[in-house]
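This is what each chain is made of:
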Amino acid sequence: MRLLLRTAVAGVLVAATILIIAAPAQASAGHFTKSTQWSGGYVGEFTVHNHTDSPMNGWVVRFCLPSGTRILNGWNIQLTQIGDCYTFRNYPWNSTLPAGGAVSFGFVASGTGDPIDCTVNGERCDGLPAGSDLQPPPRRTTCTSSGTPA
């Protein structure tokens, strides 16, 4: 009987440890693609996904482009630029993402550089913790994040 009790207690402790060290699920994620490309530019498309069970009210995507690449215009977003970095905010009509929902926006870029230093709602798009010493993948095309816009 004692062996059975010890085995049960050990099983509960292992399960609790796994729950404690498990990484939290990400609430929102984004995905960047180049839908059309030519020698001097491309059409970029970005989709923000809500992976939660409740609506997400508002979203903000930020990223920079390498020198020589810039955004000429965009759609389905409010776009602001400071230097080589861009902020994309929702409009009132596309601000709420239902549980499991997604919204897309796009832009035309001059140059061929991919987005870098991407965040969705203030969290790194590559899913690494802020201030992490880990190196992100060489091509950051998927953004993953949680939180609400600042």
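Residues numbered from 1 in each chain as written. Predicted model: local features only at pLDDT ≥ 70, side-chain atom pairs only at ≥ 80, totals over all residues. Heavy atoms only, no water.

Draft legend 1. Seen up close, the overall build of the protein chain. Summing up its helical and strand segments, the protein chain has one helix and twelve strands in all. Ordered by position in the sequence, the α and β elements of the protein chain form the string α-β-β-β-β-β-β-β-β-β-β-β-β. With 150 residues in all, the protein chain has 34% of them scored as buried. For the protein chain, the proportion of contacts with a sequence separation of at least 24, taken over those separated by at least 6, is 65%. (Helix = DSSP H or I, 4+ residues; strand = E, 2+ residues; numbered from the N terminus. Buried < 20%, exposed > 50% of the residue type's maximum accessible area, 1.4 Å probe, protein only. Contact = heavy atoms within 4.5 Å.)

Draft legend 2. Inspection of the pairing of strand β10 (residues 116–120) at higher detail. Bridge count for strand β4 (residues 60–64) against β10 is three bridges, and the pairing is antiparallel. Bridge pairing links R62 to T119 in β10. (Pairing = 2+ DSSP bridges.)

Draft legend 3. Local environment of unusual backbone geometry. At N76, a residue that is not glycine, the phi angle is positive and equals roughly 65°. Its place among the elements puts N76 in the loop between β5 (70–75) and β6 (78–82). Although it is not a glycine, D117 sits at a positive phi angle of roughly 55°. Mapped onto the elements, D117 comes out in strand β10. By relative accessible area, which is 48% here, D117 ends up partly exposed.

Draft legend 4. Representation of the packing of aromatic side chains within the structure. Using the criterion set out here, one finds twelve aromatic pairs in the structure. On the basis of an interplanar angle of 25° and a centroid distance of 4.9 Å, the ring pair of F88 and F105 is categorised as stacked. In this pair, F88 is assigned in strand β7 (residues 85–89) and F105 in strand β9 (residues 102–110), connecting sequence segments 17 residues apart. An identical accessibility class is assigned to F88 and F105; each is buried. Centroid distance Y91 to W93: 5.9 Å. Interplanar angle 15°. Geometry classified as stacked. (Phe/Tyr/Trp six-rings, centres within 6.5 Å; stacked < 30°, edge-to-face > 60°.)

Draft legend 5. A look at the sheet that holds β6. The five strands lie next to each other as β6-β7-β4-β10-β11, forming an open sheet whose pairing is antiparallel. Looking along the sheet, the strands with just one partner apiece sit at the ends: β6 and β11 (123–124).

Draft legend 6. How the structure looks around the confidence of the model for the protein chain. Chain-level pLDDT for the protein chain is 76 on average; 63% of the residues reach the 70-or-more range. Low confidence marks residues 12–25, where pLDDT is under 50. Its contacts with residues over four positions away, or in another chain, come to zero contacts. Scored below 50 in pLDDT, residues 133–150 makes 57 contacts in the model with residues more than four places away or belonging to other chains. (pLDDT = per-residue confidence, 0-100.)

Draft legend 7. The side chain of N90, seen in detail. Relative to the assigned elements, N90 resides in the loop between β7 and β8 (96–97). According to the relative accessible area criterion, N90 is buried, its value standing at 14%. For N90, the side chain forms a polar contact with the main-chain nitrogen of W59, separated by 2.8 Å. With sequence-adjacent residues up to four places away left out, N90 is seen in contact with G58, W59, Q78 and S95. (Polar contact = N/O pair within 3.5 Å; in protein donor to acceptor, adjacent residues only side chain to side chain.)

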